[in-house]
Amino acid sequence: MSFAKATFDMLNTASDVTDLVGSRISPYVRNRDDGFPAVVYSVPREEIYTDAAAYDLKRVAEVSITCLDRTYVGADELAEEVIAALEPGTH
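Since this is a predicted model, take the numbers as computed values, not measurements. (Residues numbered from 1 in each chain as written. Predicted model: local features only at pLDDT ≥ 70, side-chain atom pairs only at ≥ 80, totals over all residues. Heavy atoms only, no water.)

Caption draft 1: The overall build of the protein chain, seen in detail. Helix and strand counts for the protein chain come out as three helices and three strands. Burial analysis of the protein chain (91 residues in total) assigns 22% to the buried set. Sequence-distant contacts in the protein chain: of pairs separated by 6 or more residues, those separated by 24 or more amount to 40%. (Helix = DSSP H or I, 4+ residues; strand = E, 2+ residues; numbered from the N terminus. Buried < 20%, exposed > 50% of the residue type's maximum accessible area, 1.4 Å probe, protein only. Contact = heavy atoms within 4.5 Å.)

Caption draft 2: View of the pairing of strand S3 (residues 56-68). Two strands pair when backbone bridges link them, and strand S2 (residues 38-50) and S3 are joined in this way by 11 bridges, in the antiparallel orientation. By the bridge assignment, Tyr-49 is partnered in S3 with Lys-58. Where S2 folds back onto S3 in an antiparallel hairpin, the turn is made up of five residues, including Ala-54, whose phi is positive at roughly 70 degrees. (Pairing = 2+ DSSP bridges.)

Caption draft 3: Region of interest: the sheet that holds S2. The strand order S1-S2-S3 describes an open sheet built from three strands, whose pairing is mixed. Only two strands of the sheet have a single neighbouring strand rather than two, namely strand S1 (25-27) and S3. Strand-to-strand twist of the sheet, defined as the mean angle between neighbouring strand axes without regard to direction, takes the value 30 degrees. The sheet strands contacting helix H1 (residues 3-12) are S1, S2 and S3, and the helix crosses S2 at an angle near 140 degrees. Seen against the sheet, helix H3 (residues 72-86) touches S2 and S3 and runs at an angle of roughly 160 degrees to S3. (Axes fitted to C-alpha atoms, helices over the stretch in contact; angles between N-to-C directions.)

Caption draft 4: Layout of the packing of aromatic side chains. As enumerated under the stated definition, the model contains zero aromatic pairs in all. Taking the ring centre of Tyr-49 as reference, the NZ or CZ of Lys-58 above it sits at 5.0 Å. (Phe/Tyr/Trp six-rings, centres within 6.5 Å; stacked < 30°, edge-to-face > 60°. Lys NZ or Arg CZ within 6 Å of the ring centre and 35° of its normal.)

Next up, the structure:
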(Lines give C-alpha, C1' and ligand atoms only; values in the text may rest on other atoms or scores of the structure.)
Protein backbone atom coordinates (compact mmCIF):
# COMPACT_ATOMS: atom_id res chain seq x y z
CA MET A 1 0.00 0.00 0.00
CA SER A 2 1.29 3.46 -0.85
CA PHE A 3 1.83 6.11 1.81
CA ALA A 4 -0.69 8.34 0.03
CA LYS A 5 -3.37 5.64 0.18
CA ALA A 6 -2.53 4.81 3.81
CA THR A 7 -2.74 8.50 4.76
CA PHE A 8 -6.11 8.87 3.04
CA ASP A 9 -7.44 5.71 4.69
CA MET A 10 -6.36 6.84 8.17
CA LEU A 11 -7.95 10.27 7.72
CA ASN A 12 -11.09 9.02 6.00
CA THR A 13 -11.80 6.41 8.69
CA ALA A 14 -11.21 8.79 11.63
CA SER A 15 -14.72 9.85 12.63
CA ASP A 16 -13.42 12.93 14.50
CA VAL A 17 -11.89 14.15 11.22
CA THR A 18 -14.77 13.22 8.93
CA ASP A 19 -17.26 14.78 11.35
CA LEU A 20 -15.53 18.09 10.58
CA VAL A 21 -14.65 17.75 6.87
CA GLY A 22 -17.02 15.12 5.52
CA SER A 23 -15.45 13.86 2.30
CA ARG A 24 -13.28 16.95 1.73
CA ILE A 25 -9.95 15.09 1.99
CA SER A 26 -7.85 15.59 -1.15
CA PRO A 27 -4.37 14.74 -2.37
CA TYR A 28 -2.09 17.63 -3.44
CA VAL A 29 -4.69 20.41 -3.94
CA ARG A 30 -8.13 21.26 -2.58
CA ASN A 31 -10.90 20.54 -5.02
CA ARG A 32 -12.04 23.89 -6.37
CA ASP A 33 -15.71 23.37 -5.57
CA ASP A 34 -15.13 22.01 -2.06
CA GLY A 35 -16.18 24.08 0.91
CA PHE A 36 -14.40 24.49 4.22
CA PRO A 37 -13.06 22.96 6.36
CA ALA A 38 -10.91 20.63 4.26
CA VAL A 39 -7.75 18.55 4.44
CA VAL A 40 -5.09 18.44 1.71
CA TYR A 41 -2.23 15.93 1.91
CA SER A 42 0.82 14.98 -0.13
CA VAL A 43 3.81 12.68 0.08
CA PRO A 44 6.72 14.85 -1.08
CA ARG A 45 9.45 12.34 -0.21
CA GLU A 46 9.59 8.57 0.06
CA GLU A 47 12.67 6.41 0.56
CA ILE A 48 12.88 2.65 0.30
CA TYR A 49 15.81 0.92 1.95
CA THR A 50 16.74 -2.47 0.52
CA ASP A 51 19.29 -5.17 1.23
CA ALA A 52 21.78 -6.65 -1.28
CA ALA A 53 19.10 -9.01 -2.61
CA ALA A 54 16.78 -6.04 -3.29
CA TYR A 55 14.31 -6.96 -0.53
CA ASP A 56 12.60 -4.01 1.08
CA LEU A 57 13.87 -3.55 4.62
CA LYS A 58 12.24 -0.26 5.46
CA ARG A 59 10.12 2.44 3.85
CA VAL A 60 10.23 5.99 5.15
CA ALA A 61 8.08 8.86 3.94
CA GLU A 62 7.49 12.50 4.65
CA VAL A 63 3.77 13.31 4.64
CA SER A 64 2.60 16.91 4.43
CA ILE A 65 -0.93 17.76 5.58
CA THR A 66 -2.65 21.13 5.36
CA CYS A 67 -5.78 21.77 7.42
CA LEU A 68 -7.95 24.50 5.94
CA ASP A 69 -10.80 26.46 7.45
CA ARG A 70 -12.07 30.01 7.29
CA THR A 71 -10.77 30.74 10.80
CA TYR A 72 -7.50 30.04 12.56
CA VAL A 73 -9.34 28.40 15.46
CA GLY A 74 -11.24 26.09 13.11
CA ALA A 75 -8.09 25.09 11.24
CA ASP A 76 -6.27 24.51 14.53
CA GLU A 77 -9.06 22.29 15.89
CA LEU A 78 -9.04 20.29 12.66
CA ALA A 79 -5.26 19.94 12.87
CA GLU A 80 -5.54 18.50 16.38
CA GLU A 81 -8.00 15.86 15.14
CA VAL A 82 -5.75 15.03 12.17
CA ILE A 83 -2.73 14.62 14.44
CA ALA A 84 -4.71 12.32 16.74
CA ALA A 85 -5.89 10.26 13.75
CA LEU A 86 -2.33 9.75 12.52
CA GLU A 87 -0.65 9.02 15.85
CA PRO A 88 1.05 5.62 15.97
CA GLY A 89 -0.81 3.03 17.96
CA THR A 90 -4.25 4.53 17.41
CA HIS A 91 -5.14 2.11 14.60
